[in-house]
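Okay, here's what each chain looks like letter by letter:
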Amino acid sequence: MNKKNICIIGAGQIGSRHLQALKAVKTPLEILVVDNSANSLDIVKERYESMNTFGGNHILHYQSQLPENSVFDIAIIATASGPRAVLTKELLKKNKVRYIIMEKLLFQNKNDYGQIDRLLKLKKVKTWINCPMRIMSFYAGLKNEFDGKKITYILHGNQSGMATDLIHHVDFISFLTGSTDLEVYTRLLDKKLKESKRKGYLETTGSLNIFFKNGSQVLIRCDDKGQSPKIIEIFDEKKRYIIFESDERAIMSRTPDWKPEELKFNLPYQSQLTTVLVENLLSKGKCDLPTYKESAKLHLQTFEPIRKYFKLKYYPFT
């Protein structure tokens, strides 16, 4: 069987998890990992080799420069947001790519969203964005509970930054409700940005209100101090879920008696999710992540108001 060609650009934390997942892919792969840090390439190689899962007979290559004159079935662009637009343009200028999976936050500059959209259409590259809540079985199952409904969604927790987590929840709410138009109210955000745990990037704290066109309301709260775990509350007039993500449990109640019921669930790691994503793309030419067009629209509606609130020229988040 001819091997399928996969390229991972970015060998950081998330890139290493994508690579680990490829080890379990049954189709034989030829995998190229690109990162300008030799140390990162050493770490990602060690993490790959530490996995006890086995799939096809894969061949791996590691290099510091983007490839040229190559053909890839799938490219996974797992860098931080800063260099992603430039690397995407360079990758597609010098190579042929069939499918792309990109990490979020997509890009730091508003103009890049339209430029990359036009480039993807020109090169006929199908692209999806890695907002995976909608493909995790527990969260995906809530679609049946809230499909098309007007919901209230509350997120609180100080252990993950607001900006870095934000698009995951905006995408998930859009998935649940089917609503793709929203307004973001920034007046309750804290006045100052803070340093992100990722060097060179910033974070937001305070409260953010989001209103979806279908009437759904969102409150996201992140204090600048403390270590409270992430808690998600989703409800409409007939049912309520309180989700303790770090404990992989939820409390559900519904009409008529609203008696609480505890649920247990499992959230897969990225090193498991990417296995399924890649196998679906190779066998079916599709996956259940949001498309580039869908996600770019949600990104801009979400981050433009935040950029304007802080009087920034770009989105300093990742």
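Scoring rules and cut-offs
Residues numbered from 1 in each chain as written. Predicted model: local features only at pLDDT ≥ 70, side-chain atom pairs only at ≥ 80, totals over all residues. Heavy atoms only, no water. Axes fitted to C-alpha atoms, helices over the stretch in contact; angles between N-to-C directions. Helix = DSSP H or I, 4+ residues; strand = E, 2+ residues; numbered from the N terminus. Left-handed = near helix turned anticlockwise from the far one by under 90°. Contact = heavy atoms within 4.5 Å. Nonpolar A, V, L, I, M, F, W, Y, C, P; charged D, E, K, R; others polar. Phe/Tyr/Trp six-rings, centres within 6.5 Å; stacked < 30°, edge-to-face > 60°. Buried < 20%, exposed > 50% of the residue type's maximum accessible area, 1.4 Å probe, protein only. Lys NZ or Arg CZ within 6 Å of the ring centre and 35° of its normal. Polar contact = N/O pair within 3.5 Å; in protein donor to acceptor, adjacent residues only side chain to side chain.

Novice: Let's hear about the packing of helix H1 (residues 13-22) against helix H2 (residues 38-50): which residues, and what values?
Specialist: Taken N-terminus to C-terminus, the directions of H1 and H2 make an angle of 35°; their axes are 9 Å apart at the nearest point. Here H1 runs over H2; the crossing is right-handed. In this structure, H1 uses Gln13, Ser16, Arg17, Leu19 and Gln20 to contact H2, whose residues at the interface are Val44, Arg47, Tyr48 and Ser50. For the contact of H1 with H2, the residue count by class is three nonpolar, four polar and two charged.

Novice: Could you give me a rundown of the packing of aromatic side chains, with the residues and numbers involved?
Specialist: Inspection of the entire model under this criterion finds 14 aromatic pairs. Measuring from centroid to centroid gives 4.0 Å for Phe138 and Phe265, while their planes differ by 5°, and the two rings are stacked. A residue pair is termed long-range when its members are at least 10 positions apart, and Phe138 in helix H5 (residues 137-146) and Phe265 in the loop between strand E16 (261-264) and helix H7 (270-284) qualify at 127 residues. By relative accessible area, which is 8% here, Phe265 ends up buried. Three or more aromatic residues joined by ring pairs make a cluster, and in this case those are Phe107, Tyr113, Tyr292, Phe303, Tyr315 and Phe317. One residue, Lys143, lies across the ring of Phe175, its end atom 5.0 Å from the ring centre.

Novice: Let's hear about the side chain of Thr127: which residues, and what values?
Specialist: Mapped onto the elements, Thr127 comes out in strand E6 (residues 126-129). A distance of 3.3 Å separates the side chain of Thr127 from the backbone oxygen of Val125, its partner in a polar contact. Excluding residues that lie within four positions of it along the chain, Thr127 makes contacts with Ile100, Met102, Leu120, Thr291 and Tyr292.

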